[in-house]
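So you can see what is in the structure, the chains are spelled out below.
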Amino acid sequence: SQTIHQWPATLVQPVGSPLSLECTVEGTSNPNLYWYRQAAGRGLQLLFYSVGIGQISSEVPQNLSASRPQDRQFILSSKKLLLSDSGFYLCAREGADGANVLTFGAGSRLTVL
Amino acid sequence: DQQVKQNSPSLSVQEGRISILNCDYTNSMFDYFLWYKKYPAEGPTFLISISSIKDKNEDGRFTVFLNKSAKHLSLHIVPSQPGDSAVYFCAASVAAGNMLTFGGGTRLMVKP
């Protein structure tokens, strides 16, 4: 199973508050993991990817950060949320066969007010 | 600079007819292409893929066509069903196993 668990599913936060979105994955060890964001009316934007514990690459400069404290855990964080951080956040992992058919989690809907 | 573009944000089709979703890319190094389908409040799910050594790949009602010279691919759904109503994303990579670049998505509405 390559199941991906994301929580919380829905989150409403005030501007300036902190954020922590968690993603845990099942299946083969040492997967490549990704955080994507889908803003309203827009496509999927790659935010971060990780090829292993403690290894994070950022694709877009912003006030978000990511961490990978364990092999199957990927966390998206912010110290101070902006209105523009609202969106649908998706965690994904690469397929076990090495092909880049990504498997996505169900997503976390963040609304910043 | 968007390397993968889906110029139609939405498409409406009658049930039973053909749906054609288009995707253009600019990076000539892309050689592996995928289509994903996304329902509201869910993660995208993989639909079909094609590598640059082919110009067509078919899976049931879904067929993807690739025109490398035009840097264009399309997804055909025949016949379209109301359950196909979703947002469709095309994605591309330099090689299988490398990072995906997604288009902006096209919302398909299939009317009964």
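First, a word on scope: everything that follows refers to the structure included in this document. (Residues numbered from 1 in each chain as written. Chains lettered and ligands numbered in written order. Predicted model: local features only at pLDDT ≥ 70, side-chain atom pairs only at ≥ 80, totals over all residues. Heavy atoms only, no water.)

A look at the packing of aromatic side chains
Going through the model one piece at a time under the given rule, you end up with 12 aromatic pairs over all chains. Consider the rings of Tyr25 of chain B and Phe33 of chain B, whose centres lie 4.7 Å apart with planes at 40 degrees: the pair is tilted. Summarising the burial analysis for this pair, Tyr25 of chain B and Phe33 of chain B share the class buried. Ring-pair connections join several aromatic residues into one group, and the members of that group are Tyr34, Tyr36, Tyr49 and Phe104 of chain A together with Tyr36, Phe46, Phe89 and Phe102 of chain B. (Phe/Tyr/Trp six-rings, centres within 6.5 Å; stacked < 30°, edge-to-face > 60°. Buried < 20%, exposed > 50% of the residue type's maximum accessible area, 1.4 Å probe, protein only.)

A word on the sheet that holds strand β6 (residues 56–59) of chain B
Residue and element names in this part refer to chain B. Within the open sheet, the five strands sit side by side as β1-β3-β8-β7-β6. Their pairing is antiparallel. Bordering the open sheet on either side are β1 (4–5) and β6, each of which pairs with just one other strand. Pairing of β6 with strand β7 (residues 62–67) involves four bridges; the strand directions are antiparallel. Considered in β7, the bridge of Glu58 is made with Thr63. (Pairing = 2+ DSSP bridges. Helix = DSSP H or I, 4+ residues; strand = E, 2+ residues; numbered from the N terminus.)

Remarks on the interface of chain B and chain A
On the side of chain A, 20 residues touch chain B, which itself brings 20 residues to the contact. With both sides pooled, the region where chain B packs onto chain A buries about 1400 Å², and carbon together with sulfur makes up 63% of that total. Remark: the boundary between chain B and chain A carries three residue pairs in polar contact (both at pLDDT 80 or more). Secondary-structure elements contributing two or more residues to the side of chain B that touches chain A are β4 (32–38) and β9 (86–93) of chain B. The element that contributes the greatest number of residues to the side of chain B that touches chain A is β4 of chain B, accounting for four residues. When the residues that make up the side of chain B that touches chain A are grouped by side-chain class, the tally is 12 nonpolar, six polar and two charged. (Contact = heavy atoms within 4.5 Å. Buried area = accessible area lost by both parts, 1.4 Å probe. Polar contact = N/O pair within 3.5 Å; in protein donor to acceptor, adjacent residues only side chain to side chain. Nonpolar A, V, L, I, M, F, W, Y, C, P; charged D, E, K, R; others polar.)

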